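# Residue-level structural notes
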Amino acid sequence: MPPTDSTSADTGTAPVTDIGGVTTAGDLGSPVDKTDDTDADTEDTLDLGLPEELLALLAETSDADGGRNPGYSNEAAPSSALRHSALRPSALRYTDDLLDTVADWGPISTPAGLLHLVPVGLVSDLPLVSRWMNDPAVAAFWGLAGPPNVTEAHLRSQLAGDGRSVPCLGMLEGTPMSYWEIYRADLDPLARHYPARPHDTGLHVLIGAVGDRGRGLGGTLLRAVADLVLDRRPACARVVAEPDMRNTPSVAAFLSAGFRFSAEIELPAKRAALMVRDRTLRHLL
């Protein structure tokens, strides 16, 4: 549950950078508040106790891969993600079951154009993502400003992990314009702070280009991606996010995207608004 978020872009107001999962002011979901910090063992939700079947699956996958991380392989990215990830020596193909292979989800139509979530390539995409993280509007909530190695460490921790969080570039009509993290909220430290359900899926997002902020794009893309998650993850009944309570425009963006305000929760780095998009209400909100 890292990022906060800047969805100020969704309300047409001056960009505000923080929205617990969306930052329109430059960041729709920043890692400052994300409790799934891989360096904090005490915050690792694996300590919460995973189902025995899942642990067995992970162990079997690890053995089959010769001890490699169960969530990825070094194969080239699938054709559905070729636009930005093919021919990248560092690109990792997600082969995990934790998020139902995000790399294969494919593009989706939105009122703003065709959106495609493409898993980040550590080498090819680091300069762009690092530049976005150094935007003051984004840095205030993601906390990843500084030299490229700061952002690199954040990305690498996910790419080398077990597949519970997948960092992606949001390609709108073929142009990279946003950064997303799709993660298993029920396996994230966030689960310690709300009544999580199995397969709850979380979103963090930031809008990179200043010109794309402040015109409602955040809410439009949030709705599309939340519905994509529900379509591609049959076991997931809810998509959640945790924008900073101080970021009213960000919270408004989630509301416009069909999320409902569930509760205020106290997280290590912020007081957040727990936003939920329910499968059962997706066609009503």
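Let me sum up the structure you'll find in this document. Please read these numbers as outputs of a predicted model, since none were measured by experiment. (Residues numbered from 1 in each chain as written. Predicted model: local features only at pLDDT ≥ 70, side-chain atom pairs only at ≥ 80, totals over all residues. Heavy atoms only, no water.)

To continue, consider the nonpolar core. Of all hydrophobic cores here, the largest spans 34 residues; its most connected members are Trp180, Ile182 and Leu203. Looking at this core, the elements that each hand over two or more residues are strand S4 (113–119), strand S5 (165–172), strand S6 (175–184), strand S7 (201–207), helix H6 (217–232), strand S8 (238–241), helix H7 (248–256) and strand S10 (270–278). With nine residues, H6 is the largest single contributor of residues to this core. Contacts of Trp180, omitting those with residues within four sequence positions, involve Leu117, Val166, Pro167, Cys168, Gly170, His204, Val205, Leu221, Leu222 and Val225. (Core = buried A, V, L, I, M, F, W, Y, C linked by side-chain atoms within 4.5 Å. Buried < 20%, exposed > 50% of the residue type's maximum accessible area, 1.4 Å probe, protein only. Helix = DSSP H or I, 4+ residues; strand = E, 2+ residues; numbered from the N terminus. Contact = heavy atoms within 4.5 Å.)

With eight of ten residues buried, S6 lies mostly within the body of the structure. Relative to S6, S5 runs antiparallel, the two being bridged by eight bridges. Opposite Leu169, over in S6, you have Tyr179 as the bridge partner. In textbook terms, the turn of a hairpin is the stretch between consecutive antiparallel strands, and for S5 and S6 this stretch comprises two residues, one of which, Glu173, has a positive phi near 55°. Note: S6 against S7, seven bridges, orientation antiparallel. (Pairing = 2+ DSSP bridges.)

This part is about the packing of aromatic side chains. Two numbers describe a pair of aromatic rings. These are the distance of the centres and the angle of the planes. All chains considered together, the criterion is met by two aromatic pairs. Ring centres of Trp142 and Tyr179 lie 5.6 Å apart, and the angle between their planes is 65°; this geometry places the pair in the edge-to-face category. Note that Trp142 is positioned in helix H4 (residues 136–142) and Tyr179 in strand S6, a separation of 37 residues in sequence. The pair formed by Trp142 and Tyr179 is uniform in burial state, with each residue classed as buried. Relative to Phe259, the ring of Phe254 lies with its centre 5.0 Å away and its plane at 80°, an arrangement referred to as edge-to-face. No difference in accessibility class separates Phe254 from Phe259, as the two residues are buried. (Phe/Tyr/Trp six-rings, centres within 6.5 Å; stacked < 30°, edge-to-face > 60°.)

Bringing the sheet that holds S6 into the picture now. Within the open sheet, the eight strands sit side by side as S3-S4-S5-S6-S7-S8-S10-S9. Their pairing is mixed. Edge strands, defined here as strands with exactly one partner in the open sheet, are strand S3 (108–110) and strand S9 (260–267). Recorded for the sheet is a direction-independent mean angle of 30° between the axes of neighbouring strands. The sheet contact formed by S4 and S5 spans five bridges and is antiparallel. Bridge pairing links Leu117 to Gly170 in S5. Set on the sheet, helix H3 (residues 122–133) makes contact with S4, S5, S6 and S7; between it and S6 the angle comes to about 85°. Against the sheet, H7 makes contact with S8, S9 and S10, and its axis sits at roughly 10° relative to S10, the strand it touches most. (Axes fitted to C-alpha atoms, helices over the stretch in contact; angles between N-to-C directions.)

Turning our eyes to something else, we now look at the packing of H3 against helix H5 (residues 148–159). Running from N to C, H3 and H5 cross one another at 125°; their axes reach a closest spacing of 9 Å. For the element pair H3 / H5, the angle class is oblique. You can see that H3 and H5 cross each other, and the crossing is right-handed. Here Leu122, Leu126, Val129, Ser130 and Met133 of H3 lie close against H5, whose contacting residues are Pro148, Thr151, Glu152, Leu155, Arg156 and Leu159. Among the residues making up the contact of H3 with H5, the classes are represented as seven nonpolar, two polar and two charged. (Parallel < 35°, antiparallel > 145°, perpendicular 65-115°, else oblique. Left-handed = near helix turned anticlockwise from the far one by under 90°. Nonpolar A, V, L, I, M, F, W, Y, C, P; charged D, E, K, R; others polar.)

Let's shift gears to the pairing of S5. Of all eight residues making up S5, eight are buried, and the element is well covered by its neighbours. Burial of S5 is two-sided: the residues Ser165, Pro167, Leu169 and Met171 facing one way and the residues Val166, Cys168, Gly170 and Leu172 facing the other way are all buried.

The next subject is unusual backbone geometry. Look at Asp100: it is not a glycine, yet its phi comes out positive at around 55°. Within the fold, Asp100 resides in the loop between strand S2 (93–94) and S3. The phi dihedral of Thr101 falls on the positive side, at around 55°, and the residue is not glycine. Its location among the elements puts Thr101 in the loop between S2 and S3. On the basis of relative accessibility, which here comes to 17%, the residue Thr101 falls in the buried class.

Let's shift gears to the pattern of salt bridges. Under the counting rule described, the total for this entry stands at 15 salt bridges. The salt bridge partner of Arg282 is Asp227, with a shortest N-O separation of 3.6 Å. With Arg282 in the segment after S10 and Asp227 in helix H6, this pair connects stretches of sequence that are 55 residues apart. For Arg282, a relative accessible area of 13% gives the class buried. Arg282 is the salt-bridge partner of Asp231, the closest N and O atoms lying 3.0 Å from each other. One end of the pair, Asp231, is in helix H6; the other, Arg282, is in the segment after S10, and 51 residues separate them in sequence. (Salt bridge = Lys/Arg side-chain N within 4 Å of Asp/Glu carboxyl O.)

Geometric descriptors of this kind do not, in isolation, establish any biological role.
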